[in-house]
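Residues per chain, in single letters:
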Amino acid sequence: MQIIKTAIAAALATVAFSASAMTPIQDAELSTVSGQDGVSIAANLNIKIDSFVYTDTDALDANGLGGGSVSFNGIKVNGLIAANIDILSKASFLQAAGAAGVTNPGTFYNPATGGDVVQIAIPASVVADGHYLNVSVDAIKMGNNAASFGSVAMNQIDMRGTTVWIFAH
């Protein structure tokens, strides 16, 4: 009786193992498989830049003007950003580009030879109001002077509806 139970258990294990085994798929079959909704990416940005310096390289004129620099110090970018990534066929890309107001996508994409396009889109409804990108500059200084002219901030930069396309050429 013990031998029969062992044989049945082994047979059931073999059936279960073979039922869950992965099977290879041929290229022709794979080409008919499509994804559901693409890929989504979300990020909470926290970027810090020590400084951005503008330098006037003109020589000094008769009045002592020209030359010098302005530095923007303590630059920060923070806030939420989310994006959907999808693969578009050539026809879908040309339609999406037209809907986005691109009047001549042929200037950067060759419709005769171009293939699929990766679309990265910032959706309209993922990031809640009040959580958009913010950019700030802690200090604006002239030359080597330690005194600051003040600071600058750009708040609630709404990038919803932005679309980026990536393609080979």
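In this text the structure is predicted, and so the values were computed from the model without any measurement. (Residues numbered from 1 in each chain as written. Predicted model: local features only at pLDDT ≥ 70, side-chain atom pairs only at ≥ 80, totals over all residues. Heavy atoms only, no water.)

Colleague: I keep staring at the overall build of the protein chain and nothing clicks. Help me out?
Modeller: Each helix and strand in the protein chain was counted, giving three helices and six strands. Its helices and strands in sequence order give the protein chain the pattern α-α-β-β-α-β-β-β-β, from N to C terminus. Residue burial in the protein chain is summarised as follows: out of 169 residues, 18% are buried. Of the contacts made within the protein chain by residues no fewer than 6 positions apart, 68% connect residues no fewer than 24 positions apart. (Helix = DSSP H or I, 4+ residues; strand = E, 2+ residues; numbered from the N terminus. Buried < 20%, exposed > 50% of the residue type's maximum accessible area, 1.4 Å probe, protein only. Contact = heavy atoms within 4.5 Å.)

Colleague: Could you clarify how one ought to interpret the side chain of Ser71 in this entry?
Modeller: On the secondary structure map, Ser71 appears in strand S2 (residues 69-88). Of note is the side chain of Ser71, whose polar atom sits 3.3 Å from the side chain of Asn73. Residues in contact with Ser71, not counting those within four places in the same chain, are Phe52, Val53, Ala139, Ile140 and Lys141. (Polar contact = N/O pair within 3.5 Å; in protein donor to acceptor, adjacent residues only side chain to side chain.)

Colleague: Looking at this model, I keep getting lost on the packing of aromatic side chains. Mind explaining?
Modeller: What characterises a pair of aromatic rings is the spacing of the ring centres plus the angle enclosed by the ring planes. Going through the model one piece at a time under the given rule, you end up with three aromatic pairs. Plain terms: the ring middles of Phe52 and Phe72 are 5.9 Å apart, the flat faces sit at 45 degrees to each other, and that makes the pair tilted. Of this pair, Phe52 sits in strand S1 (residues 39-55) while Phe72 sits in strand S2, and the two are 20 residues apart along the sequence. We classify Phe72 as partly exposed; its relative accessible area is 25%. Each residue in the set Phe93, Phe108 and Tyr109 is aromatic and connected to the rest through ring pairs, giving one cluster. (Phe/Tyr/Trp six-rings, centres within 6.5 Å; stacked < 30°, edge-to-face > 60°.)

Colleague: Hey, could you run me through unusual backbone geometry in this one?
Modeller: For residues that are not glycine, phi is negative in most cases, and the peptide bond is trans in most cases. Residues other than glycine seldom take positive phi values, yet Gln156 does so here, at roughly 55 degrees. Of note, Gln156 is situated in strand S5 (residues 152-157).

Colleague: How should I be thinking about the environment of Lys76 in this particular structure?
Modeller: Within the secondary structure, Lys76 is located in strand S2. In this structure Lys76 comes out as partly exposed when scored by relative accessible area, which is 27%. Measuring from C-alpha to C-alpha, the distance between Lys76 and Asp138 comes to 8.4 Å, with 62 residues separating the pair along the chain. Excluding residues within four positions of it along the chain, Lys76 makes contact with Ile47, Lys48, Asn134, Val135, Ser136 and Asp138. Side-chain polar atoms of Lys76 contact the side chain of Asp138, separated by 2.5 Å.

Colleague: Whenever I open this one, the nonpolar core confuses me. Can you help?
Modeller: Here is a general trend for soluble globular proteins: nonpolar side chains tend to be buried in one another's company. Of all hydrophobic cores here, the largest spans six residues; its members are Leu88, Phe93, Ala97, Tyr109, Val117 and Trp165. Those residues in contact with Trp165, other than ones at most four positions away along the chain, are Leu88, Phe93, Ala96, Ala97, Ala100, Val102, Val117, Val118 and Gln119. (Core = buried A, V, L, I, M, F, W, Y, C linked by side-chain atoms within 4.5 Å.)

Colleague: Can you walk me through the pairing of strand S4 (residues 133-142) in this structure?
Modeller: The two faces of a sheet get side chains in turn, since along a regular strand they alternate between them. Both S2 and S4 contribute to a ladder of eight bridges, which runs antiparallel. The residue of S4 that forms the bridge with Val77 is Val135. Bridge count for S4 against S5 is four bridges, and the pairing is antiparallel. Following the sheet pairing, Val137 is matched in S5 by Val152. (Pairing = 2+ DSSP bridges.)

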